[in-house]
Amino acid sequence: MCEDCGCEEGNKKIYFDSLENSVENASQKTIKIETDILDKNNHIAHHNSHWLQDRNIATLNIMSSPGSGKTYLLEKTLDKLGHLKKIAVLIGDQQTDNDAKRLILKEGKVKQINTVSSCHLDASMIQKELGSFVDGSENMLIIENVGNLVCPAAFKLGEKIKIALLSTTEGEDKPLKYPVLFHSADVIIITKTDLIPYLDWDLNKAYEYIKKINPNALIIPVSAKTGDGMTRWYDYLMNEV
Amino acid sequence: MHELSLAQTLVESVTALAKKENATKVSSITISVGALSGVSKDSLEFCFPMATKDTFLASTKIIINEIPLTTVCSECEATTYPNNYYILCQNCQSTNVRITGGKEFSLVSMEVE
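Predicted, not measured: the structure shown is a model, and the values here were computed from it.

(A) Inspection of the overall build of chain A at higher detail. Within chain A one finds eight helices and nine strands. Counting over 241 residues, chain A shows a buried share of 54%. Residue pairs at least 24 apart in sequence account for 68% of intrachain contacts in chain A once pairs closer than 6 positions are excluded.

Put into structure tokens, the structure is as follows:
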């Protein structure tokens, strides 16, 4: 059992509990282990999830490639919902607090996490903020992950919902090229739809490719710039999270 | 490209276990990497010697079992192995499937002396 909270996660075999499975063979022996290599991260993520759920803080992990419009979507979201819900935003980037500076002007509170050399946020980076920056009074925590379509998919943070963005300035086939991340998403937001008339980009194809990788994802096409489709996104955050 | 840090995590865990076992040497470790784990076998194999250099595991071999995406169909109950990460039963083409394999990233066993 987990020493911190007695949760089931702690019942999983850990490295040191596995020794009774040793098979001796002269001086050589095989030790069977069967342990998730990311157990440590998963366990912290589990605690984060508990902490957030106990306080009714809906937590979203937003993932996408760099430049797909995560921060702009959040600027508009805070403008619209920041006075209706108490929202905290954590933003991961390797360097700079440029994104936090954009969002700090909005309703809600914002903190930048610089991962320096790391290509993703991990659960311990979020854990540090719970009980301090995230004080427990919030309704929602939005985590903007490092812009990267590969690594963030492997690391749970303790979120309730994973959201992936696909912008129209990327190929429609990005979900096929980066299936692990797009498969893991509960919601896929197609951003920058106002640019479709100027691009050789096919919305139906994008839907078709997403459904191959993730048949059950909710797909919301939006233009944060013109506001087209944003009502569906706001409704989702207000009523379905 | 986080395989180097994953390899370092692996080295720490295996070293702790081997010391606990009073092992003088770890000749090999076996791990499973699922198709949906977000971990690249080639990249991990490439990074492992860098992570073990000048450590207790400097001579340890890494054996990586790749686990394919495995689905069980809720319509026809067939267990199939979809290609290209398409979430689709290969028997009846239904998308109503449960994923039963491919998410693993686990340490399976180790050979020690």
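(B) Spotlight on the sheet that holds strand β9 (residues 218–221) of chain A. Residues and elements named next belong to chain A. What the seven strands build is an open sheet, ordered β5-β4-β6-β3-β7-β8-β9; its pairing is parallel. In the strand order of this sheet, the two ends are held by β5 (109–114) and β9, each with one partner. Each neighbouring strand pair of the sheet contributes to a mean axis angle of 20°, computed without reference to strand direction. As judged from the five bridges shared by strand β7 (residues 161–167) and strand β8 (residues 187–191), these two strands associate in the parallel manner. Within β8, the residue paired with A164 across the bridge is I188.

(C) Representation of the packing of helix α1 (residues 3–20) of chain B against helix α2 (residues 41–52) of chain B in the model. Residue and element names in this part refer to chain B. One can describe the packing of α1 onto α2 by two numbers: an axis separation of 8 Å at closest approach and a directional angle of 55°. By the angle between their axes, α1 is oblique relative to α2. The chirality of how α1 crosses α2 is right-handed. Residues E3, L4, A7, Q8, L10 and V11 of α1 pack against S43, L44, C47, F48, M50, A51 and T52 of α2. Here the residues of the contact of α1 with α2 are counted per class, giving nine nonpolar, three polar and one charged.

(D) Structural context of unusual backbone geometry. Residues and elements named next belong to chain B. Its identity as a non-glycine residue notwithstanding, N22 has a phi of 55°, on the positive side. As for its placement among the helices and strands, N22 is situated in the loop between α1 and β1 (26–34). If you check the backbone angles, D54 has positive phi at about 60° while not being a glycine. With respect to the helices and strands, the residue D54 is situated in the loop between α2 and β2 (61–67).

(E) Examining the interface of chain A and chain B more closely. Contacts between the two partners involve 29 residues from chain A and, on the opposite side, 32 residues from chain B. Surface buried jointly by chain A and chain B totals about 2800 Å² across both partners, of which 66% is contributed by carbon and sulfur atoms. Counting across the interface, chain A meets chain B through one salt bridge. One salt bridge connects K29 of chain A with E21 of chain B, and the closest N-O pair in it is separated by 2.5 Å.

About the criteria used
- Residues numbered from 1 in each chain as written.
- Chains lettered and ligands numbered in written order.
- Predicted model: local features only at pLDDT ≥ 70, side-chain atom pairs only at ≥ 80, totals over all residues.
- Heavy atoms only, no water.
- Helix = DSSP H or I, 4+ residues; strand = E, 2+ residues; numbered from the N terminus.
- Buried < 20%, exposed > 50% of the residue type's maximum accessible area, 1.4 Å probe, protein only.
- Contact = heavy atoms within 4.5 Å.
- Pairing = 2+ DSSP bridges.
- Axes fitted to C-alpha atoms, helices over the stretch in contact; angles between N-to-C directions.
- Parallel < 35°, antiparallel > 145°, perpendicular 65-115°, else oblique.
- Left-handed = near helix turned anticlockwise from the far one by under 90°.
- Nonpolar A, V, L, I, M, F, W, Y, C, P; charged D, E, K, R; others polar.
- Buried area = accessible area lost by both parts, 1.4 Å probe.
- Salt bridge = Lys/Arg side-chain N within 4 Å of Asp/Glu carboxyl O.

Everything listed is a geometric property; what it means functionally is a separate question.
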